[in-house]
Amino acid sequence: MEKQSGGIQIRHREETRAQIQRAAERVFADYGFVGASFSRIAAEAGLPKSNIVYYYQTKEKLYRNVVENIFNVWREAADVLSPERDPINALGDYIETKLDLARTRPYGSKVWANEVIQRAPVVQDYLENELRQWTDDRIAVIEYWIAQKQIRPVSARHLLYAIWATTQHYADFKHQIRTLNDDLELTNQQWEETKHSLREILLEGVKL
């Protein structure tokens, strides 16, 4: 009985953390690091402010957690970029997954974009270490494909930048896209068309 109770408590803590994370993503996206507050995040999450303080202690700790979380989600999406895979299929899957995340996690993307636009005042160390190493690893995979003459000899770095820019555009500039879509959210069919179009446009430049 005690073990069962302990399991319930752990699940409850995990659910509460996830609830706080979702609320924090939205508040940090809307107000930035400076404008966000535990009070606003608590109101968005529908939780007492004391819960936020209990789990994260400081606003910076919660903010870093939000930034690291979206980065880890993107990092998992890039696991498809492995040397043994067909590069066109792997890059295509990566593009589609990044678009899925732009649709389902737009606020996390906006938090990241806002931080970088301001020259990363809070997480510069994260960019210099985690992001740099991760990017270098992905570049090495693309350069391996080039060396094996599986794709054209393009700049691996700028190929990655192009994928990031186009896919994250649908999160960071969501309001603009909606405005140009007669003030309507993109439908499922429009998202599928977007995936097909971006996959075709971006990959045409690397095919042999």
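Above this text is the structure in question.
In what follows, the accompanying structure is described. Nothing here was measured: the structure is a model prediction, and the numbers come from that model. Residue positions within a chain follow its written sequence, with the count starting from 1. Totals for whole chains, interfaces and linings use every residue, but because this is a predicted model, local features are given only for residues with pLDDT of at least 70 and side-chain atom pairs only at 80 or more, for both listing and counting. Derived side-chain values reflect all non-hydrogen atoms in the structure, with water molecules and hydrogen atoms excluded from consideration.

## Points about the environment of Ile70
Move 1: Numbered from the N terminus, helices here are DSSP runs of H or I no shorter than four residues, and strands are runs of E no shorter than two. Along the chain, Ile70 turns up in helix α4 (residues 59-77).
Move 2: Accessibility here uses a 1.4 Å probe with only protein chains present; expressed as a share of the type maximum, an area under 20% marks a residue as buried, one over 50% as exposed, and anything in between as partly exposed. By relative accessible area, Ile70 is classed as buried at 1%.
Move 3: The spatial distance from the C-alpha of Ile70 to the C-alpha of Glu25 is 9.3 Å, given a sequence separation of 45 residues.
Move 4: With sequence-adjacent residues up to four places away left out, Ile70 is seen in contact with Arg105, Gly108, Ser109 and Trp112. Two residues qualify as a contact provided that any one of their heavy atoms is within 4.5 Å of a heavy atom in the partner residue.

## Some points on helix α7 (residues 124-147)
An α-helix turns once per 3.6 residues; consequently, residues spaced three or four apart project the same way.
Move 1: Multiplying 1.5 Å by the residue count of a helix minus one yields the expected span of that helix. Over its 24 residues, α7 runs 33 Å from end to end, which matches the ideal 34 Å to within 8%, given 1.5 Å per residue.
Move 2: Throughout, bend refers to the angle between the axes fitted to the seven residues that end at a position and the seven residues that start at it. The sharpest bend along α7 measures roughly 30° and falls at Leu131.
Move 3: Taken as a whole, α7 has its buried residues at Tyr126, Leu127, Leu131, Trp134, Thr135, Arg138, Ile139, Val141, Ile142, Trp145 and Ile146.
Move 4: The inward-facing, buried residues of α7 abut α4, α5 (87-104), α6 (106-117) and α8 (156-172).
Move 5: Looking one or two residues beyond α7, the residue adopting positive phi is Lys149, at roughly 60°.

## Notes on the packing of aromatic side chains
Move 1: For Phe, Tyr and Trp, where Trp contributes only its six-membered ring, two rings pair if their centres lie within 6.5 Å, and the inter-plane angle classes them as stacked under 30 degrees, edge-to-face over 60, or tilted in between. For the structure on display, the rule yields 11 aromatic pairs.
Move 2: A centroid spacing of 4.9 Å and a plane angle of 80° characterise the contact between Phe28 and Tyr63, whose relative ring orientation is edge-to-face. In this pair, Phe28 sits in helix α1 (residues 2-35) while Tyr63 sits in helix α4, placing the two residues 35 residues apart along the sequence.
Move 3: A ring pair is formed by Tyr161 and Trp164, whose centres lie 5.6 Å apart and whose planes are at 45°; its orientation type is tilted. Linking Tyr161 with Trp164, this pair stays in helix α8, spanning three residues, or about one helical turn.
Move 4: Residue Tyr161 is classed as partly exposed on the basis of its relative accessible area, which comes to 36%.
Move 5: In this structure Trp164 comes out as buried when scored by relative accessible area, which is 17%.
Move 6: Through successive ring pairs, a cluster of aromatic residues spans Phe71, Trp74, Trp112, Tyr126, Trp134, Tyr161 and Trp164.
Move 7: Cation over ring: Arg17 sits above Tyr56, and NZ or CZ is 5.4 Å from the ring centre.
Move 8: Either the NZ atom of lysine or the CZ atom of arginine qualifies as a charge over a ring when it sits within 6 Å of the ring centre and within 35 degrees of the ring normal. One cation-aromatic arrangement involves Lys98 over Trp74; the distance from NZ or CZ to the ring centre is 4.8 Å.

## Side note on the pattern of salt bridges
Move 1: A carboxyl oxygen of Asp or Glu within 4 Å of a side-chain nitrogen of Lys or Arg is what we treat as a salt bridge. Following the criterion strictly, the structure yields 14 salt bridges and no others.
Move 2: For Arg64, the salt bridge goes to Asp125, with nearest N and O atoms at 3.1 Å. You can see Arg64 sitting in helix α4 and its partner Asp125 sitting in helix α7, a full 61 residues away along the chain.
Move 3: Take Arg64: its relative accessible area is 19%, and that puts it in the buried class.
Move 4: Taking relative accessible area as the criterion, Asp125 reaches 38% and is therefore assigned partly exposed.
Move 5: For Asp93, the salt bridge goes to Arg85, with nearest N and O atoms at 2.8 Å.
Move 6: Through salt bridges that share partners, Arg85, Asp93, Glu96 and Arg199 make up one connected network.

Any functional reading would require information beyond the geometric quantities listed.
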